[in-house]
Amino acid sequence: MTTHTTPVAEAPPSEPAPAGKPGRDRYFDLLRALALFRVVLYHLTGWAWLPLVFPSMGVMFALAGNLMARSLKRPAAQVIRGRMRRLLPPLWLLGVVGVTGMVLQGWGPDEDGHPGWWLLHLTFWIVPLSDPPYAEGLPGIHGFIGENWAAELAGPLWYIRAYLWYVLLSPLLLKALRALPVVTILTPIALAAAFEQSWLTLPGERIPSALTDFSTFGACWILGMAHQEGILRRLPRYIVPSVAPVIALAGLWYALHHDFGTGNDLDSMPLAQALWSFGTVILLLHLSPSWTEWPRRLRAFSGTITLLNSRAVTIYLWHNICILIAATLWDRLWGFPLLEQNVPGLLESVWPVLVLVWILIGCCILAFGWAEDLAARQRPRLWPRSEPRVRVRGSRRRVASGS
């Protein structure tokens, strides 16, 4: 069973909007930005109640599924190739930095006694059809980065693997959704229940992990596709508000009756996560106002939200290691007796560390974010707070991204 320790978000591709149709859905941009912030806060604090307040993972998969269904109006092979092109270069950059650091600290083909398998598994850093390998128990750099840093670096990669499989399966899922919408949407939840009750067991680790991810968040991905296809809008308006809270509360009830709390939250309870995320996501999609322009109250935050969306993959891939570095640096302040004696509450507070984490994330955006622009075939930008511009027959116009 896969333990989801790092939910993340994905960057929306910058594609020309179809003529006569709206480009970006600003409501979805807001949800994606909130999901990213909640991810970082959760992985810094470990507060078990945060995934209940906002189930980032389910939201992010739903937004990705919505975008994928919109894109599949074009040939499926072309769409899949485009998604992989956008997703993989930022991962390769992380791998170049991370794997190089692991090798320099002694990780290598003889690590597990099977050099051939080690080299073969390294290919998952290129195309993550399964979890890429990493070195466990590496020492840190004293005063700068804590020990076992490679595990923190690799923690988010389950999402990349899950997202890739969703992309590959989306043409089939979309056909099934159009033919049997209710059955297709509910199948992942039924699969989650089968795994939870041990009605279905599989040998090994890699295949069960992939199927657990699908059973946990597959319904959210398909809900996003259903929203794009207009299937949810065809339901009577009272259906979703009546059914969604019941499903979400069933997930909450299950969690509370299985020792829910810090160290045992929704991420370690796939069935509870599936039910809670499903209920919350379908409500958020039902309420979707489809903003083509920012509401007045949010205009002041539009640049920050655009930045988070434009660099979502970079933030996701690097935020865990930023948290580890920030916590290590902050802990050094305990070595100053003046601070320890006079402001122990400040040293124990999570909020200064959160600020430091976002400063480090900003540094990662500057250092590595350009890979997302290159993957999208755009001119690299250091700090994208507005929509990219492209030249079209000598003129310049904004590119509207589908959301």
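1. Brief notes about the overall build of the protein
Logical step 1: Helices and strands together make up the secondary structure of the protein, namely 17 helices and two strands.
Logical step 2: Looking at the protein as a whole, 55% of its 403 residues are labelled buried.
Logical step 3: Expressed as a percentage of contacts within the protein between residues at least 6 apart in sequence, the contacts between residues at least 24 apart total 77%.
Logical step 4: Within the structure as shown, the protein displays about 18900 Å² of accessible surface, and the carbon and sulfur contribution to it stands at 65%.

2. A word on the packing of aromatic side chains
Logical step 1: For the coordinates displayed, the defined rule picks out 19 aromatic pairs.
Logical step 2: Centroid distance Y159 to Y316: 5.3 Å. Interplanar angle 70°. Geometry classified as edge-to-face. Taken together, the residues span a long stretch of sequence, with Y159 in helix α7 (residues 157-179) and Y316 in helix α13 (residues 312-331) at a distance of 157 residues.
Logical step 3: For Y159, a relative accessible area of 1% gives the class buried.

3. Here we look at helix α3 (residues 56-71)
Logical step 1: For α3, with 16 residues, the first-to-last C-alpha span of 23 Å sits near the 22 Å given by 1.5 Å per residue.
Logical step 2: Extensive coverage of α3 is indicated by the burial of 16 of its 16 residues.

4. Digging into the confidence of the model for the protein
Logical step 1: The share of residues in the protein with pLDDT of 70 or more is 90%, and the mean pLDDT across the chain is 88.
Logical step 2: Low pLDDT, under 50, characterises residues 1-21; the predicted model gives this stretch 87 contacts beyond four residues in sequence or across chains.
Logical step 3: Scored below 50 in pLDDT, residues 390-403 makes 45 contacts in the model with residues more than four places away or belonging to other chains.

5. Some remarks on helix α1 (residues 26-45)
Logical step 1: The terminal C-alpha atoms of α1 lie 28 Å apart, and with 20 residues this matches the ideal 28 Å at 1.5 Å per residue to within 8%.
Logical step 2: Most of α1 is tucked away: 18 of the 20 residues are buried.
Logical step 3: By the N-cap criterion, in which a side-chain oxygen at the helix start approaches the backbone nitrogen of a residue two or three places on, α1 is capped by D25, the distance to Y27 being 3.0 Å.
Logical step 4: Taken from the residues just after α1, G46 is the one with a positive phi, measuring 75°.

6. A look at the pattern of salt bridges
Logical step 1: The full count for this structure, using the stated rule, is seven salt bridges.
Logical step 2: Measuring nitrogen to oxygen at the nearest pair gives 3.2 Å for the salt bridge that ties D29 to R32. One end of the pair is D29 and the other is R32, both in helix α1 and three residues apart, which spans about a single turn.
Logical step 3: When its relative accessible area of 2% is taken as the criterion, D29 is described as buried.
Logical step 4: Owing to a relative accessible area of 1%, R32 belongs among the buried residues under this scheme.
Logical step 5: Note that R161 is salt-bridged to D131, the shortest N-O span being 3.0 Å. Here D131 lies in the loop between α5 (115-122) and α6 (149-154) and R161 lies in helix α7, a separation of 30 residues in the sequence.
Logical step 6: Residue R161 is classed as buried on the basis of its relative accessible area of 2%.

7. Some details on the environment of P132
Logical step 1: Along the chain, the position of P132 falls in the loop between α5 and α6.
Logical step 2: In this structure P132 comes out as buried when scored by relative accessible area, which is 7%.
Logical step 3: As a C-alpha pair, P132 and H121 span eleven residues in sequence and 6.6 Å in three-dimensional space.
Logical step 4: Beyond its immediate stretch of four places on either side in the chain, P132 contacts F124, W125 and L157.

8. Some details on a nonpolar patch on the surface
Logical step 1: Together, L129, W165, L168, L169 and L172 line one region of the surface with nonpolar side chains, adding up to about 420 Å² of accessible area.
Logical step 2: Classification of L129 by relative accessible area gives partly exposed; the value is 37%.

9. Considerations on the environment of V127
Logical step 1: Along the chain, the position of V127 falls in the loop between α5 and α6.
Logical step 2: Apart from residues lying up to four places away in sequence, V127 is in contact with M84 and L164.

10. Quick notes on the packing of α7 against helix α9 (residues 206-229)
Logical step 1: At their nearest, the axes of α7 and α9 sit 9 Å apart, and the two run at 50° to each other. The pairing of α7 with α9 is recorded here as oblique in orientation. Two packed elements cross with a definite hand, and for α7 against α9 that hand is right-handed. Where α7 abuts α9, its residues W158, R161, A162, Y163, Y166, V167, S170, L173, L174, L177 and R178 lie against S209, A210, D213, F214, F217, G218, W221, I222, M225, A226 and E229.
Logical step 2: Among the residues making up the contact of α7 with α9, the classes are represented as 15 nonpolar, three polar and four charged.

11. Here we look at the side chain of S277
Logical step 1: Relative to the elements of secondary structure, S277 occurs in helix α11 (residues 270-286).
Logical step 2: Beyond its immediate stretch of four places on either side in the chain, S277 contacts P55, G58, F217 and C220.

12. What to know about the state of the cysteines
Logical step 1: Throughout the structure, instances matching the rule amount to zero disulfides.
Logical step 2: Unpaired in terms of disulfides, C363 finds its nearest cysteine sulfur in C364, a separation of 7.0 Å.

Basis of the calculations
- Per chain, the residues get numbers from 1 upward, laid out in the order the sequence is written.
- Reporting of local features is limited, given that this is a predicted model, to residues whose pLDDT is at least 70; pairs of side-chain atoms are given and counted only at 80 or more, and all residues count toward the totals for whole chains, interfaces and linings.
- As a convention, hydrogens and water are excluded, and side-chain values are obtained from all of the structure's heavy atoms.
- A helix here means a DSSP run of H or I that spans at least four residues, while a strand means a run of E at least two residues long, and both kinds are numbered starting from the N terminus.
- Summary of the burial criterion: residues with accessible area below 20% of their type's maximum are buried, those above 50% are exposed, and those between are partly exposed, where the area comes from a 1.4 Å probe applied to protein chains only.
- Contacts between residues were defined by any pair of non-hydrogen atoms, one from each residue, lying within 4.5 Å.
- Each accessible area is a Shrake-Rupley result for a 1.4 Å probe, and residues are judged covered by the shown protein chains and nothing else.
- Aromatic contacts are taken between Phe, Tyr and Trp rings whose centres are within 6.5 Å, Trp giving its six-membered ring; a plane angle under 30 degrees counts as stacked, one over 60 as edge-to-face, and the others as tilted.
- Residue count minus one, scaled by 1.5 Å, sets the expected span of a helix.
- Scored from 0 to 100, pLDDT records how confident the predictor is in each individual residue.
- N or O atoms closer than or at 3.5 Å make up a polar contact, with two conditions inside protein: a donor-capable atom paired with an acceptor-capable one, and, for residues adjacent in sequence, both atoms drawn from side chains.
- We define a salt bridge as a side-chain nitrogen of Lys or Arg found within 4 Å of a carboxyl oxygen belonging to Asp or Glu.
- Only residues above 30% relative accessible area that lack a salt bridge enter a patch, with like-charged residues linked at up to 9 Å and the nonpolar side chains Val, Leu, Ile, Met, Phe, Trp and Tyr linked at up to 5 Å.
- Note on geometry: axes are lines fitted to C-alpha atoms, helical ones only across the stretch in contact, with angles between N-to-C directions running from 0 to 180 degrees.
- When describing relative orientation, an angle under 35 degrees is termed roughly parallel and one over 145 degrees roughly antiparallel, while 65 to 115 degrees is termed roughly perpendicular and anything else oblique.
- Handedness of a crossing is defined here by the sense of rotation of the near helix relative to the far one, left-handed for an anticlockwise turn of less than a right angle and right-handed for a clockwise turn.
- Any residue outside Ala, Val, Leu, Ile, Met, Phe, Trp, Tyr, Cys, Pro, Asp, Glu, Lys and Arg is labelled polar, Gly included; the first ten of those are nonpolar and the last four are charged.
- Counting rule for disulfides: a pair of cysteine sulfur atoms within 2.5 Å.

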